[in-house]
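# Working through the structure, step by step
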Amino acid sequence: MLMKTRILLLNLILFFCGCIFADGIRETVLLTQAWDAQTAAGIEDPPKSHLWGSSAKPEQGIRRIVQPEQAGGKGNPKSKSAWFRQFPEIPAEWKGRTVLFSVPLVQGDLVVFLNGKKAGEILRPTGTLNLSDKLEYGRKNELLLFLTGNGSGISRKNPVYQDTDWRVVNTIGFYPPQLRVLPNTYIDDVFANTSAEKKQLSLEMEVVSSQSGDGLLKAEILDREGNVVKRAEKELRFLPGINPVKVRIPWENPHYWELGRGYLYTCRVVLTDRSASVKDEYPSFRFGFRQFTTRGRELILNNHIQRLRTVYSFGAGPGGASFLKMIGYNTLIYSHCTQTFPWIPGEQAEKELCEMDEMGIGLIKPAPSVGLLRDRIRKDPAAAVEFERCMKLFMKRYRNHPSIIGWYVGNITNYGSPEPTQFAQFFDRGPQAQNIEKAIQIGKKYNPNTFFYSFADGNTGDLHNSFLYLNFTPIQEREEWLSSWSKHGVAPWQASEFGEPYRGNYWQGRIFLFTEYMAIFFGDQAYREEPEKGLENIIRMSLIKAPMEAMCRDSICTRSIRSSGNSAGRSPGGQTAHGEPTV
């Protein structure tokens, strides 16, 4: 069904998660009804009236198209293009206001048609179209969407993203679009840009207008108890289109957001005319006053040295994060993401971020990746423009969450050395390092008070990092591993992955030597307790073409040996431990 709700009601729901508060002016229609749908070879393949099926579970993103029986199939799970159709009824009272069609997430690109005419495009990963002068008010309108994963019918010829990216994404789809009804002059995208160095809050926003005019922008900052602690006003003269606005507020002694102590303020921004009549009220939001920078080899949070005690997120929500915080960690890394758009859609994800903000948990998240783009970010102007468009959209969505303290823009594209005389003691200048630095420069342009780096990519970015599997390294060498960095380090360093011996250490070529390694610690007992079945499996695994890959699929030989008494708890082996210290 078509669900219509005032922003007042939507904001009251979101108030429960502590992120947004009611304003009572704006209106939103959520297009949650299952869409009519059918697959297509391309935009030149128009929809057929007898082939309309329905889309499944639109609230989770459209992943599967159900075709009618006469189409000869029950579903088409992995088409590269598809048509979607819906008939929203547009109230007559919307006429004269700004009506935007917005899609929170697009895995692919959308061409939007309204009442048989092309209205525009929404390119991945998200976007908005102004439909105000194209809608027919007081009646139903036909909204037809063409979704493509290969650039069919799209004006920009896919300058950034190749088919390799879609092997990662694996499907095309989009999350439920919205129709947003706003005043003809409205506030968009307020960013609470905090600086501990300058002792300043800069409210950076855009005022969008369909006409020239003037007004007064009023901002209030409330503390945790609801007391107004800062006020600011700015007279505006705006033109048709997008008008960037900054309101700078000096702040000598803010209550900082710290790791482990998540203090949040609330920001309210209102636009009035000269008579103090409210033209627009931006949805209230919460933010933390915090700034991450670097100073030599130190990470600096709010003007003091900060140590990160990091751990892989392992999919932890707020409950899991609370437990990890209790046992000593202060930062979760969401790693190993090579998608160009590692987007976090949906109200549940937003609610979880809000709870992380409150707890003071640090998060390191994947930003749009330069890994597949590589040299084109420096050598192809069109690709660089497209990458910056995507990075801007991404940062604008998440930059008011103080819990997101860091972003990584690549994943093993430059590969950092773990050698103790190499890591974080100079800056890489090779081609891949230059690509990473270019991506970081773009990210910082839109989110300057967090740190940026590239995962396991050596001496690049704000946080140099590399894999560090010390495995069987003697204890003395382990203790001295950071000694050269402590004298000559030029940047903070992090072990991207850090662990003790793991299954790969027990192979020599194709020969599996687990029992031999156990004999180092248990002597002849390891051989006496090795079962015959375990020995047979060791021989079998050693003879196959790719023993390590087979080990990942079938660990029967290690299970057999461990069942004989050499448990993981008593042996020097076992799975990799993913606790990554940052120094």
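Let me sum up the structure you'll find in this document. (Residues numbered from 1 in each chain as written. Predicted model: local features only at pLDDT ≥ 70, side-chain atom pairs only at ≥ 80, totals over all residues. Heavy atoms only, no water.)

## Let's talk about the overall build of the protein chain
The following threshold applies: Strands here are runs of E lasting at least two residues and helices are runs of H or I lasting at least four, both read from the DSSP assignment and numbered beginning at the N terminus. The criterion used for residue contact is that any of the two residues' heavy atoms lie within 4.5 Å. Here the open area of atoms and residues is found with the Shrake-Rupley method and a 1.4 Å probe, where only the protein chains shown may cover a residue.
Helix and strand counts for the protein chain stand at 14 helices and 37 strands. For the protein chain, the share of sequence-separated contacts (at least 6 apart) that also reach a separation of at least 24 residues comes to 73%. In the structure as shown, the protein chain presents an accessible area of about 25800 Å², 52% of it carried by carbon and sulfur atoms.

## Here we look at a positive patch on the surface
Definition in use: Only residues whose relative accessible area exceeds 30% and that take part in no salt bridge are eligible for patches, with like-charged residues grouped when within 9 Å of each other and nonpolar side chains (Val, Leu, Ile, Met, Phe, Trp, Tyr) grouped when within 5 Å. Think of a salt bridge as a Lys or Arg side-chain nitrogen and an Asp or Glu carboxyl oxygen that are within 4 Å of each other. Under the counting rule used here, the positive set is Lys and Arg, the negative set is Asp and Glu, and His together with the chain ends is not counted. To locate a charge, the coordinates of NZ of Lys, CZ of Arg, CG of Asp or CD of Glu are taken. Only protein chains enter the accessibility calculation, which uses a 1.4 Å probe; a residue whose area is less than 20% of its type maximum is buried, one above 50% is exposed, and one in between is partly exposed.
Where like charges cluster on the molecular surface, the positive patch consists of K198, K234, K246 and R248. Structurally, K198 is set in the loop between β18 (185–195) and β19 (200–209). Accessibility expressed as a relative area gives 64% for K198, which makes it exposed.

## A word on the layout of surface pockets
If a probe the size of a water molecule is rolled over the atoms, the empty space left behind becomes visible. Formally: Here a cavity means grid points, on a 1 Å grid over the protein atoms only, where a 1.4 Å probe fits yet cannot get out; a pocket means an open set of points with protein on both sides within 12 Å along at least five of seven lines; lining residues are those with an atom within 4 Å of a point. Grid points are joined across faces, edges and corners, and a volume is the space filled by probe spheres set on the points. Residue type decides the class: Asp, Glu, Lys and Arg count as charged, Ala, Val, Leu, Ile, Met, Phe, Trp, Tyr, Cys and Pro as nonpolar, and the leftover types, Gly among them, as polar.
Volume-wise, the second largest pocket comes out at about 620 Å³. Lining the second largest pocket we find 31 residues, and of these F191, N193, E204, K445 and P448 sit closest to its centre. At the level of secondary structure, the elements contributing two or more residues to the lining of the second largest pocket comprise β18, β19, β22 (241–250), β25 (292–295), α6 (381–398) and α7 (431–446). Residues belonging to the lining of the second largest pocket are distributed by class as follows: nine nonpolar, ten polar and twelve charged.

## A closer look at the packing of aromatic side chains
Let me state the cut-off plainly: A pair of aromatic rings is counted whenever rings of Phe, Tyr or Trp (Trp by its six-membered ring) have centres within 6.5 Å, and the orientation is called stacked for planes under 30 degrees apart, edge-to-face for over 60 and tilted otherwise. The rule is short: NZ of Lys or CZ of Arg within 6 Å of the ring centre and within 35 degrees of the ring normal puts a charge over the ring.
Taken as a whole and assessed by the stated rule, the structure comprises 25 aromatic pairs. Between F292 and F451 the ring centres are 5.3 Å apart and the planes differ by 75°, which places this aromatic pair in the edge-to-face class. Here the residue F292 occupies a position in strand β25, and F451 occupies one in strand β32 (residues 451–455), the gap between them amounting to 159 residues. A connected cluster of aromatic rings, assembled from ring pairs, spans W251, Y256, Y263, Y265, Y282, F285, F287 and F289. Seen from the ring of W485, R297 lies directly overhead, with NZ or CZ sitting 5.5 Å from the centre. A cation sits over an aromatic face here: K365 above Y334, 3.4 Å from the ring centre.

## Observations concerning the sheet that holds β19
Operational definition: By the convention used here, strands pair only if DSSP detects at least 2 bridges between them. Axis lines are fitted to C-alpha atoms, over the contacting stretch for helices. Their N-to-C directions set the angle, which ranges from 0 to 180 degrees.
Strand order across the open sheet formed by three strands is β18-β19-β22, with antiparallel pairing between neighbours. The open sheet has two free edges, formed respectively by β18 and β22, since each of these has just one partner strand. Strand-to-strand twist in this sheet, taken as the mean axis angle between neighbours without regard to direction, amounts to 20°. For β18 and β19, the ladder comprises nine bridges, and the chain directions are antiparallel. Each bridged residue has a counterpart across the sheet, and for A192 the counterpart in β19 is L203.

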